[in-house]
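Read off the chains here:
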Amino acid sequence: MGKNLKLKSARAAKDMSQKNIADAVGVTRQTINAIESGDYNPSIKLCIAICKVLGKTLNDIFWEEDNHE
Amino acid sequence: MNRSGLDEMQLLKRNQIGNQCFLLLLYMLMIDTGLYGFGLRWINYPANIMIILTICSGIYVIRLIAGNAYVGPAGGRERTALRTMLTTLIAVGIGFAVVFLLKTANFTTNSRDNMAAPILFIVAAVAITVAATVAIVSHIQNKTDL
């Protein structure tokens, strides 16, 4: 699983730290860090919570473009 | 958020570590029993089980702390401090209870288990050293993760 750079850039655009998002969605900072670095695959519930905090859709943050199309 | 206060990644880690430590405990007890069957008694009865349990529970706790799956995000500073205090009090209480039980049960009548006390001491010392190392490593990781 690759790094989630979309999440990182969306977070930076909102000027939020990992800790800010973690507090907002009720997880630890390490969990957000693991999602960004691709070490953890979050549940759909957590994905939606993160998207709501960042004001983005699931497609914006978590959809991976298929290069074979 | 669940009742344990851990988030979903912490729960996943805790379950994984718990399963591995349970299997480790099972294998160590089986090896101990097997050695006894072959006539090799490395240490007498109560101490061998105590050491195996201490090693497995120690590994479990250390891995939980190292994997950041011990305290959840719900607990702020106050709850963490309260939890640490309660854990410390319970640990001290259990320590006293174990010492009291060992003295009253008079386990050390046999001359073969002269090594029990030093081994228990070494196990505890190693566990404390490893726990301190984990605390330092976690502290460094917290600084470098961002």
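Definitions and cut-offs
Within each chain, residues carry numbers counting from 1 in the order of the written sequence. Numbering of ligands from 1 and lettering of chains from A proceed in the order in which they are written. With the structure being a predicted model, the display of local features is reserved for residues of pLDDT at least 70 and the display and counting of side-chain atom pairs for 80 or more, all residues being used for whole-chain, interface and lining totals. Runs of H or I in DSSP of at least four residues are treated as helices and runs of E of at least two as strands, each being numbered from the N terminus. Residue burial here comes from a neighbour count, namely the number of other C-beta atoms, placed from the backbone, that lie within 10 Å of the residue's own C-beta, with 20 or more meaning buried, 12 or fewer meaning exposed, and in between meaning partly exposed. Our contact criterion uses C-beta atoms placed from the backbone: two residues qualify when those atoms are within 7 Å. Lys, Arg, Asp and Glu make up the charged group, whereas Ala, Val, Leu, Ile, Met, Phe, Trp, Tyr, Cys and Pro make up the nonpolar group; the residues left over, Gly among them, are polar. We define the nonpolar core as any set of buried residues of the types Ala, Val, Leu, Ile, Met, Phe, Trp, Tyr and Cys, connected via C-beta atoms lying within 7 Å of each other. Orientation is described by axes fitted as lines to C-alpha atoms, over the contacting stretch for helices, and by angles from 0 to 180 degrees between their N-to-C directions. Here is the rule for angles: anything less than 35 degrees is roughly parallel, anything more than 145 is roughly antiparallel, 65 through 115 is roughly perpendicular, and the remaining ranges are oblique. Crossing handedness is read from the near helix: turned anticlockwise from the far helix by less than a right angle, it gives a left-handed crossing, and turned clockwise, a right-handed one. As used here, the arc belongs to the directions running from the helix axis to the C-beta atoms.

Here the focus is the overall build of chain B. In terms of helices and strands, chain B carries four helices and zero strands. Sequence-ordered secondary structure for chain B, helices as α and strands as β, is α-α-α-α. The buried share among the 146 residues of chain B stands at 10%. Taking the intrachain contacts of chain B between residues at least 6 apart in sequence as the baseline, contacts between residues at least 24 apart amount to 82%.

Turning our eyes to something else, we now look at the overall build of chain A. Of the regular secondary structure elements, chain A holds five helices and zero strands. In chain A, the succession of helices and strands from N to C terminus is α-α-α-α-α. Counting all 69 residues of chain A, 28% fall into the buried class. Partitioning the intrachain contacts of chain A with sequence separation of at least 6 by distance along the chain shows that 54% fall at a separation of at least 24.

Taken together, the contact pairs nine residues of chain B with 12 residues of chain A. Its residues placed into classes, the side of chain B that touches chain A shows four nonpolar, two polar and three charged.

One finds Ile21(A), Ala22(A), Val25(A), Val27(A), Ile32(A) and Ile50(A) to be the most contacted residues of the largest nonpolar core, which totals 13 residues. Ignoring sequence-local partners within four residues, the contact set of Ala22(A) consists of Val27(A), Thr28(A), Arg29(A), Thr31(A), Ile32(A) and Pro73(B).

Attention now moves to unusual backbone geometry. Of note, the phi angle at Asp15(A) is positive, near 55°, even though the residue is not glycine. If you trace the backbone, Asp15(A) turns up in the loop between helix H1 (5-13) and helix H2 (18-25).

Our next topic: the environment of Val134(B). Position of Val134(B) relative to the elements: it lies in helix H4 (residues 116-144). In this view, Val134(B) contacts Ile62(B), Ile65(B) and Ala66(B); residues no more than four positions away in its chain are not counted.

All names here are of chain B. Packing of helix H1 (residues 8-37) against helix H2 (residues 45-66) brings their axes to within 10 Å, and their N-to-C directions diverge by 160°. Here H1 lies roughly antiparallel to H2, going by the angle between them. Considering how the two elements wind past one another, H1 and H2 form a crossing that is right-handed. Taking contact as the criterion, the partners of Arg14, Ile17, Gly18, Cys21, Leu24, Leu25, Met28, Leu29 and Asp32 in H1 are, on H2, Asn48, Ile52, Cys56, Ile59, Tyr60, Arg63 and Leu64. Tallied by class, the residues present in the contact of H1 with H2 amount to 11 nonpolar, two polar and three charged.

Residue and element names in this part refer to chain A. Taken together, the buried positions of H1 are Leu7, Ala10 and Arg11. For H1, the angular spread of the buried residues around the axis is 100°, confining them to a single face. Away from its buried face by more than 90 degrees, H1 exposes Leu5, Ser9, Ala12 and Ala13. On its buried face, H1 is in contact with H2, helix H3 (29-36), helix H4 (44-54) and helix H5 (58-62). Following H1 by one or two positions, Asp15 adopts a phi angle in the positive range, close to 55°.

The next thing to look at is the packing of H2(A) against H4(A). Residues and elements named next belong to chain A. Where H2 contacts H4, the axes come no closer than 10 Å and their chain directions differ by 120°. Considering the angle they form, H2 stands oblique to H4. Every pair of crossing elements has a handedness; the one defined by H2 and H4 is right-handed. Touching Ile21, Ala24 and Val25 of H2 are Leu46, Ala49, Ile50 and Val53, all from H4. Split by residue class, the contact of H2 with H4 holds seven nonpolar, no polar and no charged.

Residues and elements named next belong to chain B. Note that Ile62 resides in helix H2. Linking Ile62 and Ile128, residues 66 residues apart in sequence, is a C-alpha distance of 10.0 Å. Excluding anything up to four places from it in sequence, Ile62 contacts Val130, Ala131 and Val134.

Along the chain, the position of Ile128(B) falls in helix H4. Put simply, Ile128(B) and Gly58(B) are 70 residues apart on the chain and 9.4 Å apart in space, counted from C-alpha to C-alpha.

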